[in-house]
Amino acid sequence: MIWIYQAISVLYLVTLVLGSYDPYKVLGVFRSATIPEIKRAYKQLAKEWHPDKNDDPSAPDKFMEITQAYELLTDPERKKKYDNYGRVTIEEPRPRPEYPRKYEGFDEVLGGFRFKFNDRDITIFHKLTVSTRAYENVLVPKSFRQPYLILFYSDWCFACLQVEPIWRRIMEELDPIGVGLATVHADNEKPLARKAGVSSLPYLMLLSDGRLSSYRESLYSVPKIIEFVRYRMPYKMVPVVTDDSLESFLNGWDDNKVRALVFQKKEAIRLRYLTTAFYHRERVAFGFVPPGLKTEGIRSKYQVSNEQDALLVFNENTERPVASVSMSDIPVPTMHDVIRSNNYLLLPRLSSQTLLDDLCPSGLPWSRRKLCVVLVCGETPSHEPHRQSLRKFALESRYSKERVRFMYVYQERQPHFISALTSGKNSPSEPLLHVAILCRRDVSHVKYEWITGEVTWQSYNSTKHHLELAIDRVLHTSQALPNEAVIGELIDEQTQGIVARIITKILHTIDTIQENLGKEHVLPVVSVIGTAAFICIAAYSMAYLMKLEEKRVKESYGSSGFGGKNVNGYQPQLKIHEMRAETYNGLVRLLRPGCRTILLIVDNQSIAKLLPSFHKYVWPYRKNKTLMFATLNLDKRGRSWYTEILSQSLLEPRELTINPKNCVGTVLSLNGLRKYFCMYHAKHPEGTSKKANARMKRIMNRQSGSSASFIGFEDTTSESDLSDIEQGHRQENGKTDEVIYVEHLLDGLPNWLDRLFEGMTHRYFLNYWPDFGSK
């Protein structure tokens, strides 16, 4: 018999190697199919060819072939080898090495001491080893329904050998109650060990909800590990139910979940019930009834013994459970079977795509079609009588759940789904409180028919008869449903909102920090937090002191003004020199090549008004190191010097007697090395954007470029040549010129400065720089 089995195995391997076995054809998918598509195809074929559901004699072989193809295509390494080389590799356990008997005398040399590797070895670890890819593709998705204990180990780890008997007991205790167990070879899977934060070996972790939690106890023992698994289960997943909270717990059908009560002899809920509740938490809400005086009413109402554990399942009927089981130790498979048979409400709500796929599966042949009777209603208490009537109809229905399922949908929560069903012929304009019969062709296509007339259920018997006729006609005749629609994926109503996700993320982060923060980490963490706090406080203090200093300086300048005098609140921020005998050489004669001095002409009355404007206009040039800025007061000692440079600019030298009022607001650009200056004044043709009047042109032509008489600087001019500032207005050619006030004399200075630096201003050359005066 043994050689026959070996021959069959060899024949099977040869068949695989020769290429007659194509896993893509077995599952009916393309070579570019993704993992979710492969899983979806496998689930459909597994349901169809499972030996328990298919009486075909070839069903077992077909099911095994489907399973082999699924395992191959979901393993990235084997799939890559098949795609590249067209062969399938099946790993066989390595044979245990046999030591020759000639070394038996070695024990006598050691005085009878023996290495008993048979009693304690890590073979059991090798049997449960998973790779990084298997961890990410298999264990992490499964961890959302089943917690996994993962032990990191290595081959030459003597501490791992000591944990081996405890691991065997853990397997015996936790595997039957729904806790998965796996091991990871830390040396072979270094990226995974580094990602998990493995610091020493052996290292035990719990994988739950896609998150890893570390076992921090130094002592490995079965009770401590079981308590660790219990503690890491989701918080308040199974609330305590007493006599006072029974009604509110059982009547909470709005979450679209079946209710289950767990009765127990002990105060603390057992781990087997926690893992079962964790597995079915998407469809069933569990409640724990502990022993005590506060729960005697519940036990007497449902006749539950105090000596045994019990599980009661309620399906929209609080008076009588739809299923119950009671024994001293309820096996986990038994609880799974009971819950799977009753994991949907009598009238469930279409609240997610997963629920639609389970209640209305697609891809079934038309002979095995499954109908879904859907009531469209609103999320309002006024529509509860309509839902209650359909619920009563579903309870009294003579149709099996395998052929007909009843459900309802909220129009506000699934608008796209309702809109797709109202696009066909004979669809009601307002689908609210109407019933539709659906049958899914595939994932996105659905055949449907609306039952005409609003379902008011005022006459329950007539409406019931109307529904039964429509369902019988679709089930027992060859007539297909008339309309077809393309539906998208349903909105998952159980998805958390943004705020809830943020809160959950914060709680998970805090939990992770508390879990990974040991006593040796407290001092460094406190030091880092203290340093960060000190830096923040110091930065805030410096900013506050800077604001105080700025405020003090502002108040100081606001009170003292420029040069110790209050000049209309002017606050100097640019160094502006005063030209006098002490500063004359530095501002004019000793200027370096390429440097210039911008000089403002003022008197005692105009300095308060002209200096702020001058400061504002020259502020953009403050960083230019070739420029210096100064003022010349004609009332102090500057009149004779200014008269001298104006006289030198005349074509014919003569004596000038200037009027200081006409000179106020003049700006000179002095080039000390090349002995020339440029001039700006509001009445100068270069200082205005308007066209110079005829009189200005005549004066400029007459002076041939001189600067002395362009606005009547000479005190001997006629009254018609007096300054507008002094006279106020002037009549010429029958027109009155506009008066220019002192505060507006520098309005054209920015444009003149632009032309100055572009080299477009007129230059007045001198023979020498006159003396400013004795000190």
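Residues numbered from 1 in each chain as written. Predicted model: local features only at pLDDT ≥ 70, side-chain atom pairs only at ≥ 80, totals over all residues. Heavy atoms only, no water.

Digging into the nonpolar core
- Membership of the largest hydrophobic core comes to 64 residues, with the highest contact counts inside it found for Leu149, Leu174, Leu261, Phe286 and Leu311.
- With six residues, the top contributor of residues to this core is helix α9 (residues 158-174). (Core = buried A, V, L, I, M, F, W, Y, C linked by side-chain atoms within 4.5 Å. Buried < 20%, exposed > 50% of the residue type's maximum accessible area, 1.4 Å probe, protein only. Helix = DSSP H or I, 4+ residues; strand = E, 2+ residues; numbered from the N terminus.)

A closer look at the state of the cysteines
- Tallied over the entire structure, the rule returns two disulfides.
- Here Cys157 pairs with Cys160 through a disulfide, and the sulfurs are 2.4 Å apart. One quick way to see it: the torsion about the S-S bond of Cys157 and Cys160 is about 80°, and its sign makes the bridge right-handed.
- The exposure class of Cys157 is buried, given its relative accessible area of 9%.
- Among the residues examined, Cys160 registers a relative accessible area of 0% and is labelled buried.
- Between Cys360 and Cys372 runs a disulfide, and the two sulfur atoms are separated by 1.6 Å. With Cys360 in the loop between α16 (353-359) and β9 (371-377) and Cys372 in strand β9, the pair connects residues that are 12 residues apart, well separated along the chain.
- Shown here for the protein is a disulfide pattern of 1-2, 3-4, where each number marks a bonded cysteine counted in sequence order.
- The structure places no disulfide on Cys439, whose sulfur is separated from the nearest cysteine sulfur, that of Cys372, by 7.8 Å. (Disulfide = S-S within 2.5 Å.)

Overview of the pattern of salt bridges
- Enumeration according to the criterion identifies 24 salt bridges in this entry.
- Of the charged contacts, one joins Arg281 and Asp209 as a salt bridge, the two residues approaching to 2.3 Å between their closest N and O atoms. Residue Arg281 is located in the loop between α13 (271-279) and β6 (284-289), and its partner Asp209 is located in the loop between β3 (203-208) and β4 (211-214); the two are separated by 72 residues in the primary sequence.
- You can call Arg281 partly exposed: its relative accessible area is 23%.
- The partly exposed category is assigned to Asp209, whose relative accessible area is 25%.
- Here Arg398 ties to Asp472 by a salt bridge, and the two come within 2.7 Å at their closest N and O atoms. Residue Arg398 is located in the loop between α17 (384-395) and β10 (404-410), and its partner Asp472 is located in helix α19 (residues 460-476); the two are separated by 74 residues in the primary sequence.
- Asp472 sits in the buried class, given a relative accessible area of 18%.
- Sharing partners across several salt bridges, the network here consists of Glu316, Glu384, Arg387 and Arg391. (Salt bridge = Lys/Arg side-chain N within 4 Å of Asp/Glu carboxyl O.)

Brief notes about the pairing of β4
- Alignment of β3 against β4, held across four bridges, turns out to be antiparallel. Looking across to β4, one finds that Leu206 is bridged to Ser213.
- Between the antiparallel neighbours β3 and β4 lie two residues, among them Asp209 with a positive phi of about 55°. (Pairing = 2+ DSSP bridges.)

Some thoughts on unusual backbone geometry
- Here the residue pair Leu201 and Pro202 is connected by a cis peptide bond, since its omega of -5° sits within 30 degrees of zero.
- Tracing the sequence through the fold places Pro202 in the loop between α10 (190-196) and β3.
- One non-glycine residue, Glu316, adopts positive backbone phi at about 60°.
- Relative to the helices and strands, Glu316 resides in the loop between β7 (309-314) and β8 (323-327).
- In this structure, Leu433 takes a positive phi of about 65° despite not being glycine.
- The topology assignment puts Leu433 in the loop between α18 (415-421) and β11 (435-440).

A closer look at the sheet that holds β10
- Spatial ordering of the open sheet is given by β10-β9-β11-β12-β13, a layout of five strands whose pairing is mixed. The open sheet terminates on both sides in strands that have one partner only, identified here as β10 and β13 (483-486). Taken over all neighbouring pairs, the strand axes of this sheet differ in orientation by 35° on average, direction set aside.
- For β9 and β10, the ladder comprises seven bridges, and the chain directions are parallel. Bridge assignment links Val374 to a residue of β10, and that residue is Met407.
- The strands touched by α17 within the sheet are β9 and β10, with β10 carrying the most contacts at an inclination of about 170°. (Axes fitted to C-alpha atoms, helices over the stretch in contact; angles between N-to-C directions. Contact = heavy atoms within 4.5 Å.)

Geometry only, nothing functional implied.
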